[in-house]
Amino acid sequence: MLEEKAGYLKDFPINIRVSHIENYPLHYHYDPEFIYVLKGFVTLKCGSSIYKMQQGDIFVANESEVHGIYNCSTDNVVLIIQIDTRYFSKQFPALKNSVYRTLSKDRSDENLVHLRSQLLHVTFNYLKRSPGYKIEDTNLMVDIIQFMDKYFASFYFEGKTVMQRKFEKPELTERLSRIINYLYKHHSENITLKDLANEEFLSEYYISHLITTGTGLNFRELLAFARVEESEKLLLQSNEKVSAIARKTGFSTTEYYRKFFRKWYRCDPEEYRVLYSNHIKGFDLEKSREIEKTKALDLVTELINFLSFESEEEVGVKFFYDEVDVNINGEAIGKFGKAVELGGEEKNEYIIYGGYFLANVLGVNAKQNKKFQIEESGNYVWDTLATIPHLLNVFMDDSVKVVRENNYSDSDRHKTLIAGERGIYISQEIAKPSFYAYRMFESMKGDILANVRNCLVTRGRGEKANQISIIACSTNDAIEKLFDRGGSINQVQKTIKSFRDSFTYKISLHGLEAGTYDIFRTTQNHDETMFSIAVLDNSNRKKLTDEDIMLIDEATVPKTTVDHRYIEGDMQIDINLKNLSFTYVRIVKR
């Protein structure tokens, strides 16, 4: 039988296999299937296309697409993930008819990199079988489907090969996907361009232009391709005459069918039947074996840590992966909480973690109409996001009893957006990244439960006893050294821009009381800070208006999202950092 039925556990709508494959006969199924080459290479036949897939390549076999794997390297390892359409279509009604293509000429494309990471994390959870992995993986797969719908939901033709098509506007991708779905669903009917135009409430001209631009084929060619692809199953698993198959799939004449079949499959329908009917599932022998779980887990962990890219610009990029297991009721490994002493005019003031409290205590009038320019003096690393991991390390140093800050705000004499000083505000009273560091650290006061590679987990005390806080930052030695030796704007920018490492933290919280939790997640990367705005607008010599100050203030505030979850026992928090960035998560039981 050409059809393959996936088996799912009663409470887990995902089927995952990590296998070595010698031969996987032609087959199709009604559930989407991810085929991800983790090691070596394989040859994949899907419909009329043949793909040479190497490490890092991902292919999605959509509903009813006939595909098989053969001619593989002796060291290949392939991840196969099938998802239950019946389950996920409750949230994604169009999933059954979705058409995804993930193969791309740009193997370092950030969307493909993200998809690799997500699939690896689903597999890691499954292999590790940590508590709650089924729920976590199901939630991750929801995210993956949403991501696929946004970035991989259409295709185009490169010669005889079907590839991924990317539009700059997501709505065009969505519209083209609907059109393709409609053609496949109604392929056997007498469809016209007018039918599609009526379906989309658009003009025939626009629909025709969209199809040609999106796929490289005109309307008639795309419809013929859909009909030819649908005919493949009938050819391989029945003895029906070619003329009957042509009529069933919507072709007006057998010759017309032959013409388009030859165009895509490079042979006549009868020849194709002879070549492949003995290589379908049930006739041909499947030769594959699942990789032993420990070895599979080691490989997946290695790939998460060191995802490899082929583009030169990614050479030297490092990938770090940490699992952090936290018993929130366990014994603390330390205390987190120091005083901040302000220098300058406020040298006798002692504040607990300055930040938002300082503004109320010390009150400073806003300074406006300052020239928007850059002075090449001072140590400009103090104006960057690097202050957050730097200050975190300072606050974690047990030998430091009090943190001393020289200034509340940068001095007025510079009259600049950034001045290379240690204030927590610029002279226009816009908060710098160090301000948000103190603000987060104040909220995190309490017992230290975990401290792993710039990732800190704390449990609140007193009124905040029901709060768990997590902060994770990315930095490296070259950036940290800037705090000692100083740096001009260009030096600081060059050092930060050359830092392209990625950090993944998988934080498992155990022992949570059953109930609803509010999860606040605050994030920011270097490109979203005032330093980057100043560098980009270096040539803009203008006075800052009230509106300028407001816009800059809004643009440089870290982004915060709020989620609500019912939790019973365990919760997993995933943090992914790329380049210089941070994520702060605050979890509070209602």
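Position labels on residues start from 1 in each chain and follow its written sequence. With pLDDT at 70 or above as the cut-off, local features in this predicted model cover only qualifying residues; side-chain atom pairs require 80 or more to be listed or tallied, and sums for whole chains, interfaces and linings still use all residues. Values reported for side chains reflect all heavy atoms of the structure, with hydrogen atoms and water molecules removed beforehand.

Some words on the overall build of the protein
Quick note on the threshold: Secondary structure elements are taken from DSSP: a helix is a run of H or I of four residues or more, a strand is a run of E of two residues or more, and numbering for both begins at the N terminus. For each residue, the accessible area found with a 1.4 Å probe, counting protein chains only, is set against the maximum for its type, and the residue is called buried under 20%, exposed over 50%, and partly exposed in between. Here, residues are in contact when the closest pair of their heavy atoms is within 4.5 Å. Per-residue and other accessible areas follow the Shrake-Rupley method at a 1.4 Å probe size, with only the shown protein chains counted as cover for residues.
The number of helices and strands found in the protein is 18 helices and 21 strands. Within the span of the protein, comprising 590 residues, buried residues form 56% of the whole. By sequence separation, contacts in the protein at least 24 residues apart represent 75% of the contacts at least 6 residues apart. Of the roughly 26,900 Å² of accessible surface on the protein, a fraction of 48% belongs to carbon and sulfur atoms.

A few points about the pairing of strand 7 (residues 77–83)
Operational definition: One requirement defines pairing of two strands: DSSP has to find at least two bridges between them.
Counted residue by residue, strand 7 has seven buried out of seven residues, so it is predominantly covered. Taking every second residue as pointing to the same face, both faces of strand 7 are buried, with Val77, Leu79, Ile81 and Ile83 on one and Val78, Ile80 and Gln82 on the other. Where strand 1 (residues 14–27) meets strand 7, six bridges bridge the pair, whose relative direction is antiparallel. Residue pairing across strands places Ile14 opposite Ile83, the latter belonging to strand 7. The sheet contact formed by strand 2 (residues 33–39) and strand 7 spans six bridges and is antiparallel. Looking at strand 7, one finds that Ile35 is bridged to Ile80.

Here we look at the packing of helix 2 (residues 110–128) against helix 11 (residues 293–305)
Where we set the bar: Axis lines are fitted through C-alpha atoms, for helices just across the contact stretch, and the angle between N-to-C directions can take any value from 0 to 180 degrees. When describing relative orientation, an angle under 35 degrees is termed roughly parallel and one over 145 degrees roughly antiparallel, while 65 to 115 degrees is termed roughly perpendicular and anything else oblique. In this scheme the handedness of a crossing depends on how the near helix is turned from the far one: anticlockwise by less than a right angle means left-handed, clockwise means right-handed.
At a closest axis distance of 10 Å, the pairing of helix 2 and helix 11 adopts a crossing angle of 150 degrees. With respect to each other, helix 2 and helix 11 are oriented roughly antiparallel. Of the two elements, helix 2 crosses helix 11, and the hand of that crossing is left-handed. On helix 11, the residues that touch Leu120, His121, Thr123, Phe124, Leu127 and Lys128 of helix 2 are Lys293, Ala296, Leu297, Val300, Thr301, Leu303 and Ile304.

Side note on the nonpolar core
Considering soluble globular proteins, one finds that nonpolar side chains tend to be buried as a cluster. For the record, the criterion: Residues belong to a common nonpolar core when they are buried Ala, Val, Leu, Ile, Met, Phe, Trp, Tyr or Cys residues joined through side-chain atoms within 4.5 Å.
Counting residues in hydrophobic clusters, the biggest one holds 67 residues, and the most contacted among them are Ile471, Ile507 and Ile587. Looking at this core, the element that brings in the most residues is strand 19 (residues 502–525), giving seven residues. Contacts of Ile587, omitting those with residues within four sequence positions, involve Asn466, Gln467, Ile468, Ile470, Leu509, Tyr517, Asp518, Ile519, Met571 and Ile573. Formed by 43 residues, the second largest nonpolar core is a distinct cluster that contains Phe34, Phe88, Phe147 and Phe152.

Brief notes about the packing of aromatic side chains
Basically, it comes down to this: Only rings of Phe, Tyr and Trp enter the pairing, Trp through its six-membered ring, and a pair is recorded when the two centres are within 6.5 Å. The plane angle decides the type: under 30 degrees is stacked, over 60 is edge-to-face, the rest tilted. Counted as over-ring charges are cases with an Arg CZ or a Lys NZ within 6 Å of the ring centre that also lie within 35 degrees of the ring normal.
Across all of its chains, the model carries 23 aromatic pairs by this definition. Both rings, one in Trp382 and one in Phe483, keep their centres 4.9 Å apart while their planes meet at 80 degrees; by these two values the pair is edge-to-face. With Trp382 in the loop between helix 12 (355–362) and helix 13 (387–396) and Phe483 in helix 15 (residues 477–485), this pair connects stretches of sequence that are 101 residues apart. Of the two residues, Trp382 and Phe483, neither departs from the other in class, the shared state being buried. Its guanidinium or amino end placed over the ring of Tyr126, Arg129 lies 4.2 Å from that ring's centre, counting from NZ or CZ. Cation over ring: Arg586 sits above Phe520, and NZ or CZ is 4.3 Å from the ring centre.

Some remarks on the environment of Ala224
Secondary-structure assignment places Ala224 in helix 7 (residues 219–237). Under the relative-accessibility criterion, Ala224 is labelled buried at 4%. Taking the C-alpha atoms as reference points, Ala224 and Phe261, separated by 37 residues in sequence, lie 8.7 Å from one another. Aside from chain neighbours lying at most four places away, what touches Ala224 is Phe251 and Phe260.

Things to note about helix 16 (residues 489–497)
Heads up, the rule is: The arc in question is the one spanned by the directions pointing from the helix axis to the C-beta atoms.
Taken together, the buried positions of helix 16 are Ile489, Val492, Gln493, Thr495 and Ile496. The arc enclosing the buried residues of helix 16, seen along the axis, measures out at 165 degrees, which places them on a common side. Of the residues in helix 16, the exposed ones pointing more than 90 degrees away from the buried face are Asn490 and Lys494.

With respect to the side chain of Thr504
For clarity, the cut-off: Any pair of N or O atoms that falls within 3.5 Å is considered a polar contact. Within protein, one atom must be able to donate a hydrogen and the other to accept it, and sequence-neighbouring residues count only if both atoms are side-chain atoms.
Relative to the elements of secondary structure, Thr504 occurs in strand 19. At 3.1 Å, the side chain of Thr504 forms a polar contact with the side chain of Asn576. The contact partners of Thr504, leaving out residues within four places of it in the chain, are His121, Phe320, Tyr321, Asp322, Ile575 and Asn576.

Here we look at the pairing of strand 17 (residues 455–459)
Working note: regular strand, side chains alternate between the two faces of the sheet. Summarising burial for strand 17: five of the five residues are buried, a large majority. Side chains of strand 17 alternate between two faces, with Cys455, Val457 and Arg459 and Leu456 and Thr458 buried alike. In terms of strand pairing, strand 16 (residues 446–452) meets strand 17 through five bridges, oriented antiparallel. The residue of strand 17 that forms the bridge with Asn451 is Leu456. Taken together, the five bridges between strand 17 and strand 18 (residues 467–473) define a ladder with antiparallel strand orientation.

Let's talk about the confidence of the model for the protein
Operational definition: pLDDT gives the predictor's per-residue confidence on a scale running from 0 to 100.
Looking at the protein, the pLDDT average stands at 81 and 81% of residues meet or exceed 70. Mean pLDDT across the secondary structure elements of the protein bottoms out at helix 12, with 35, and peaks at strand 7, with 96. Contacts from residues 308–315, a stretch scored under 50 in pLDDT, to residues over four places away or in other chains number 14 contacts. Note on residues 344–376: pLDDT under 50 across the span, and 93 contacts to partners over four residues away in sequence or across chains.

Describing the environment of Leu303
Note that Leu303 resides in helix 11. Between the alpha carbons of Leu303 and Gly56 there is a distance of 9.5 Å; along the sequence they are 247 residues apart. With residues up to four places along the chain from it excluded, the contact list for Leu303 reads Leu38, Gln55 and Leu120.

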